[in-house]
Amino acid sequence: MSETKRATWGSSATFILAAVGSAVGLGNAWRFPNLAAKHGGGAFLLVYIIAMLIIGIPLLMMEISIGRKMRSGAPGALRRMNKKFEPIGWAATTNAFVIVTYYAVVFAWVIMMAIFSFKFVNMTGNNEAASGLWATLIKTTGTIKGFDTVSLPVILCLLVAWGLIYYCIRNGTSSVGKVIKYLVFLPVVCLGFMAIKGATMPGAMQGLAAFFIPDFSALSNPMLWVDAIGQVFYSMSVMMAIMIAYGSFLDDDSNVARDGMIIAFSDLAVSLLSGIVMFTTMYGTGLQDMLAQKSGPGLAFGVYPTAIVNLSKSGVFNAIFAFVFYFCLCTLAIDSAFSLVEGISTAFSDKFGTDKKKTTITLCVIAGAISLVYTTGAGLAVLDIVDNWCNSFTLILIGVLETIAIGCFFKTGKVVKEINRNSKKFKMPRVWFDIAVKFVAPVSLTVLFVWNIIDLFKNKGGIYGAADGYNLTSNILAGWLVFALCLVSGFVIPRFKGKNKQAETEETWED
Ligand code: PHE
């Protein structure tokens, strides 16, 4: 590695598209509209935008710039800033690994639904058949039982999903560069098509009003603030070992301040567009109450099919719409999924000097084998638990640690300088950055972490998903243990001596 030149993106447009592709994902389509529906529409949008400006953008620019400066994946880049920071990078990398094992399965589900969308032809007005399609196909028991049954369609689609993920990143930045423009623009085209259909439905105006007009009384609900900060964090793919790795492939003359702004606002734009699609179609089909109740897979696979079969009297049109919707989700999911693998394989090949391609294949095979767990009858429940811990606990804690490390134990002035190095017009102001990284981010993320713990123990009796029959053992194995594994990996992996001398040498951040 020390002799061979590090791969680069080829152009700043490729980098921006790849980062947008990672940030814009299923969360924009099925988490953002649900939160907006829950928290007073425009009031949520307002807080979301404020949180994005205050916390999201500085953190995004910070990660990209330290990747570029240190020329290494997350653990290596953090290590070169300060040896003690390396565990945070590995914890983030392991968390990304856990996430990709189930994100690939969700990707497989959307592939499967796109394939089976022809079934909607004969389901016009049949709410029960529509809402049950996915659950039948994945053969879920709805709870933590049923490890002895598997869904063949899901396994086949999972194979396709991993094949596609590998195909896109087989040659790192150069193969990503070839596919990324399609993967970023296709979902926008699909969303545009659905927004036009949605906007021409009766009730669409009410939907748009509910989405955009703020209900300011919602601002007094602390959950709105908690959810907005959590969503900004999740949506921008920070603290996942991704943006540091992506930044490490940047040319030295790239403009981090400008690119960070473009990435953040593109992510917001897609969230708004999918909000318009969700609100107009749900109001247009009279299902608006469900929008606030369901998020994630439950919304896209359980509730949304009901909206689809009520869109028009033509079964063929509804089926085409269903295909466009699930195809759109495929294009949203794939670049987020492969960004996770790319972040992990960069971390490993930088540290151990392993061949990047071999590392990527090995990762895909191991993660692919683990992801089979989620194709069983209990898979949905396990996925639900793992996802809850990864996003509500591990990710947030890593955010707290990384911002404290850099905000309090590193000179933030150096980072700001690096962010603004090639920027002439827009520069990230030092105060803005300092307030975000030293204060607002660590404090609000700590509050979020503590809030989630209190919520689990006080409101849920210590067991996540008890109402769905999940028990303490399942929470310990799929939740706490996975959480502990990520933290422990942070301390264990740095103990292995890296083969790559360059990555091991302490390179201090020189101006
Ligand atoms: N940012 C993605 C989204 O909004 C989520 C994500 C990206 C999750 C990458 C994991 C990895 O959906």
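Our subject is the structure that appears above.
Definitions and cut-offs
Residues numbered from 1 in each chain as written. Predicted model: local features only at pLDDT ≥ 70, side-chain atom pairs only at ≥ 80, totals over all residues. Heavy atoms only, no water. Helix = DSSP H or I, 4+ residues; strand = E, 2+ residues; numbered from the N terminus. Rg over C-alpha atoms; globule rule 2.2 N^0.38 Å. Buried < 20%, exposed > 50% of the residue type's maximum accessible area, 1.4 Å probe, protein only. Core = buried A, V, L, I, M, F, W, Y, C linked by side-chain atoms within 4.5 Å. Contact = heavy atoms within 4.5 Å. Expected span 1.5 Å × (residues − 1). Near = heavy atom within 4 Å. Polar contact = N/O pair within 3.5 Å; in protein donor to acceptor, adjacent residues only side chain to side chain. Areas by Shrake-Rupley, 256 points an atom, 1.4 Å probe, with all protein chains shown as cover. Salt bridge = Lys/Arg side-chain N within 4 Å of Asp/Glu carboxyl O.

(A) Up close: the overall build of the protein chain. Looking only at helices and strands, the protein chain has 22 helices and zero strands in total. Relative to a compact globule of 511 residues, whose C-alpha radius of gyration would be 24 Å, the protein chain shows 22 Å and is just as compact. When the backbone C-alpha atoms are referred to their principal axes, the protein chain occupies close to 65 × 50 × 50 Å. For the protein chain, the proportion of its 511 residues judged to be buried stands at 59%.

(B) Summary view of the nonpolar core. One finds Phe120, Tyr326, Leu329 and Phe338 to be the most contacted residues of the largest nonpolar core, which totals 181 residues. The element that contributes the greatest number of residues to this core is helix α6 (residues 86–115), accounting for 21 residues. Excluding residues that lie within four positions of it along the chain, Leu329 makes contacts with Leu26, Ala29, Trp30, Val110 and Ala300.

(C) Helix α4 (residues 42–70), seen in detail. Between its terminal C-alpha atoms α4 stretches 40 Å, which fits the 42 Å expected from 29 residues at 1.5 Å a residue. In terms of residue burial, α4 counts as a mostly covered element, since 23 of its 29 residues are buried. Taken from the residues just after α4, Arg71 is the one with a positive phi, measuring 50°.

(D) Examining the site of the ligand more closely. Ala23, Leu26, Gly27, Tyr234 and Ser235 are the nearest of the 14 residues found near the ligand. Between the ligand and Ser22 there is a distance of 3.5 Å, counted from a nitrogen atom to a backbone nitrogen or oxygen. Separating a nitrogen atom of the ligand from a backbone N or O atom of Tyr234 is a distance of 3.1 Å. Out of a free accessible area of 320 Å², the ligand has 100% covered by protein chains.

(E) Representation of the environment of Val189 within the structure. Along the chain, Val189 turns up in helix α9 (residues 173–199). Taking relative accessible area as the criterion, Val189 reaches 56% and is therefore assigned exposed. Along the chain, Val189 and Cys328 lie 139 residues apart, while their C-alpha atoms are 8.6 Å from each other.

(F) Spatial organisation of the pattern of salt bridges. For the structure on display, the rule yields eleven salt bridges. A salt bridge links Asp252 to Arg71, with the shortest nitrogen-to-oxygen separation between them at 3.5 Å. Residue Asp252 is located in the loop between α12 (242–248) and α13 (256–284), and its partner Arg71 is located in the loop between α4 and α5 (74–81); the two are separated by 181 residues in the primary sequence. As a salt-bridge pair, Lys356 and Glu342 come within 2.6 Å of each other at their nearest N and O atoms. Here Lys356 is found in helix α17 (residues 356–371), whereas its partner Glu342 is found in helix α16 (residues 315–352), with 14 residues between them in sequence. Classification of Glu342 as buried rests on a relative accessible area of 1%. Residues participating in the shared-partner salt-bridge network are Arg68, Arg71, Asp252, Glu418 and Arg421.

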